[in-house]
Amino acid sequence: MASYKYKLYYFNARGRAEPARWMFAQAGVEYEDVRLAGEKWIAKKPDMPFGQMPALEVTDSSGKSHLIPQSRAIERFLAKQFGLAGKNEFDIARADFLNEYFNDIFQKIVFNKKDPDYEKKCKEFDEFLPQALEKLEPFVRDGGYFLGKELSWADIVFSVLTDILIQVKDSNVLDKTPKLKKLRQSVCDQPKIAEWITNRPKTDF
Ligand SMILES: N[C@@H](CCC(=O)N[C@@H](CS)C(=O)NCC(=O)O)C(=O)O
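What comes next is a walk through the structure. Residue positions are counted from 1 within each chain, in the order its sequence is given. Where totals are concerned, whole chains, interfaces and linings use all residues; where local detail is concerned, this predicted model gives features only for residues with pLDDT of at least 70, and gives and counts side-chain atom pairs only at 80 or more. For the side-chain quantities, the full set of heavy atoms in the structure was used; hydrogens and water were omitted.

For every element, the axis is a line fit to its C-alpha atoms; helices are fit only across the contacting stretch, and the angle between N-to-C directions ranges from 0 to 180 degrees. Working definition: helices are DSSP H or I runs of at least four residues, strands are E runs of at least two. Numbering for both runs from the N terminus. One way to put it is that helix H4 (residues 89–108) packs onto helix H5 (residues 118–136) with a least axis distance of 10 Å and a crossing angle of 165 degrees. Relative to H5, the element H4 lies roughly antiparallel. In the packing of H4 onto H5, the handedness of the crossing is left-handed. Side by side, H4 and H5 meet where Leu 98, Tyr 101, Phe 102, Ile 105 and Lys 108 of the first sit next to Phe 125, Phe 128, Leu 129, Ala 132, Lys 135 and Leu 136 of the second. Of the residues contributing to the contact of H4 with H5, the split by class is 9 nonpolar, no polar and 2 charged. Geometric relationships in this document are graded by angle, where less than 35 degrees denotes roughly parallel, more than 145 denotes roughly antiparallel, 65 to 115 denotes roughly perpendicular, and other angles denote oblique. Left-handed describes a crossing whose near helix is turned anticlockwise from the far helix through less than a right angle; right-handed describes the clockwise counterpart. Contacts were defined at the residue level, with two residues in contact if any of their heavy atoms lie within 4.5 Å. By the convention adopted, Pro, Cys, Tyr, Trp, Phe, Met, Ile, Leu, Val and Ala count as nonpolar, Lys, Arg, Asp and Glu as charged, and the other residues, Gly among them, as polar.

Structure, rendered in structure tokens:
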């Protein structure tokens, strides 16, 4: 593993930065968890590629710093650094395509209660979600994770996503997909991830 210094910039929320935080926890790698709000965010926004967060600042051994925006680019980068990307090119592609599908699910979650189409979108999501989970269930391999016995960033991103699903839907959301339920539990039971979940800052989302 290259010896880099990491700073992860995001708001004081789990949101789109949380999978990266779980990956740091699992790898046991130190980083600065920078949480910006108000004036501090307004001052920093112009420095952020695309004016958004999360962004990961990586300082290499020569002191040069590299700013990586976009949550999934950050996760892919960390997956490669931490040995969570998959061991061969097809497993790497499998973790990639699963993560694209998780993002499809994430983007359909209706967070904004003030949206005039809130009820309609919630209804659509309620119909979509069980079908999406059913489609994912066969992708859990015999070893218990999406790539088999080996934990990957796909398992981590999925488990963070299910946290949100449990919060916005209900705690039984995975009851009809036992393999996914077990996978999530195995990820949450990883000692370093469990420690992060217990000690992380408490935020609404
Ligand atoms: N596709 C980007 C989306 C980033 C994004 O939407 N960031 C939001 C927070 S979740 C943001 O920075 N909002 C503040 C702003 O746009 O000023 C990613 O996955 O990182």
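Mapped onto the fold, Lys 181 is located in helix H7 (residues 178–188). Burial status follows relative accessibility: with a 1.4 Å probe on protein chains alone, a residue under 20% of its type maximum counts as buried, one over 50% as exposed, and anything between as partly exposed. You can call Lys 181 partly exposed: its relative accessible area is 42%. In contact with Lys 181, other than residues within four places in its own chain, are Leu 174 and Asp 175.

Another aspect to go through is unusual backbone geometry. Omega for the peptide link from Met 53 to Pro 54 comes to 10 degrees, which places this bond in the cis form. Phi at Phe 50 is positive, roughly 70 degrees, even though this residue is not glycine. In this structure, Phe 50 sits in the loop between helix H2 (38–44) and strand E3 (55–59). With a phi angle near 75 degrees, Gln 70 is a residue other than glycine that sits in the positive phi range. Tracing the sequence through the fold places Gln 70 in the loop between strand E4 (65–69) and helix H3 (71–82).

Of the grid points, spaced at 1 Å and generated over the protein atoms alone, those admitting a 1.4 Å probe that cannot get out make up cavities, while open sets with protein on both sides within 12 Å along at least five of seven lines make up pockets; any residue with an atom within 4 Å of a point is treated as lining. Grid points are joined across faces, edges and corners, and a volume is the space filled by probe spheres set on the points. Tallied over the entire structure, the rule returns 1 cavity of 30 Å³ or more. Within this model, the largest cavity holds a volume of roughly 180 Å³. What lines the largest cavity is a set of 14 residues, among which Pro 19, Glu 75, Asn 103, Phe 106 and Val 157 lie closest to the centre. Among the secondary structure elements, those contributing two or more residues to the lining of the largest cavity are H3, H4 and helix H6 (153–168).

In this text, near means that some heavy atom of the residue lies within 4 Å of the molecule or strand in question. Around the ligand lies a shell formed by Tyr 10, Phe 11, Arg 16, Trp 41, Lys 45, Gly 51, Gln 52, Met 53, Pro 54, Gln 70 and Ser 71. Under the rule applied, a polar contact is a pair of N or O atoms within 3.5 Å (in protein, one hydrogen donor and one hydrogen acceptor; residues adjacent in sequence only if both atoms are side-chain atoms). Within the contact set of the ligand, a nitrogen atom lies 2.7 Å away from a backbone nitrogen or oxygen of Met 53. Within the side chain of Ser 71, a nitrogen or oxygen atom sits 2.6 Å from an oxygen atom of the ligand. To qualify as sitting in a cavity or pocket, a molecule needs more than half of its atoms within 2 Å of the grid points. Comparing atom positions with the cavity grids shows the ligand to sit within the largest pocket. Residues belonging to the shell around the ligand are distributed by class as follows: 5 nonpolar, 4 polar and 2 charged.

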